[in-house]
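Next come the chains, spelled out residue by residue.
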Amino acid sequence: MHAFPGGALALDFAGTLRYRHRSQPREDMPTPESLGAWFRESGITEREITVKAADLREALTLREAVYRLILATMSGQDYDRDALTLVNNYARKPTPVLQLTSRGRHVEASVEQAFAAVAQDAVSVLGGPDVRLLKECSDPECSQVYIDRSRGARREWCAMDPCGNKFKAAAYRARKRLGGKSRASTVSL
Ligand SMILES: [Zn+2]
């Protein structure tokens, strides 16, 4: 199962290379099947799509371009031209098809349409009002970027599991060492 803590497709897509701050990040999309599963679990398509090895290579190229644009946005730097062109080219393509059925909404996408959905999401997150809410997870190893919609923008972690819990447990052990004299520090998600 893939994780979707970012609050936006593009952020979660970029996050499939997890722990980028470790010397060895973790690849959550090592196979075409895992990319197909990401497309379904993300809700981009409800129908199974056959993903080929070439599609996976394309996905990883798009993912890294999206991540470069996220980093540039957050640090206020100019966009890398190649990354910008690549993402914009995908964003220009047809997006998934949404239909109303007697059982509710139904969405289907080809691989190309799924890429377009991710790219368009990158455009709307990085170029829209949510851009001011972007944060990177406070876990020093975790590189997940998320939209902090919490009150007072106090969210610290991409998700409680595992990032927040890791620090909660460490804070708990620290309090125990102090003999329970210190007041509980609040860890907000
Ligand atoms: Zn995290």
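Preceding this paragraph is the structure being described.
Residues numbered from 1 in each chain as written. Predicted model: local features only at pLDDT ≥ 70, side-chain atom pairs only at ≥ 80, totals over all residues.

Observations regarding the overall build of the protein
Point 1. Secondary structure assignment for the protein yields six helices and six strands.
Point 2. What you see in the protein, going N to C, is helices and strands ordered as α-β-β-α-α-α-β-β-α-β-β-α.
Point 3. Referenced to the eigenvectors of the C-alpha coordinate spread, the extents of the protein come out at roughly 60 × 45 × 35 Å.
Point 4. In the protein, 55% of the contacts between residues at least 6 apart in sequence involve partners at least 24 apart. (Helix = DSSP H or I, 4+ residues; strand = E, 2+ residues; numbered from the N terminus. Contact = placed C-beta atoms within 7 Å.)

Things to note about the pairing of strand E4 (residues 104-108)
Point 1. In terms of strand pairing, strand E3 (residues 97-101) meets E4 through five bridges, oriented antiparallel. Considered in E4, the bridge of Val-97 is made with Glu-108. (Pairing = 2+ DSSP bridges.)

Overview of the nonpolar core
Point 1. Judged by nonpolar contacts, the single largest core of 40 residues is most densely connected at Ala-10, Val-66, Val-118 and Ala-122.
Point 2. It is helix H5 (residues 111-127) that contributes the most residues to this core, ten residues altogether.
Point 3. Ala-122 has contacts with Ala-10, Val-66, Leu-69 and Val-87, leaving out every residue within four places of it along the chain. (Core = buried A, V, L, I, M, F, W, Y, C linked by C-beta atoms within 7 Å. Buried ≥ 20, exposed ≤ 12 C-beta atoms within 10 Å, placed from the backbone.)

Examining the environment of Met-74
Point 1. Topologically, Met-74 is positioned in helix H3 (residues 53-75).
Point 2. Residue class for Met-74 comes out partly exposed when judged on the 14 C-beta atoms lying within 10 Å of it.
Point 3. Note: C-alpha distance between Met-74 and Ala-109 (35 residues apart in sequence) is 30 Å.

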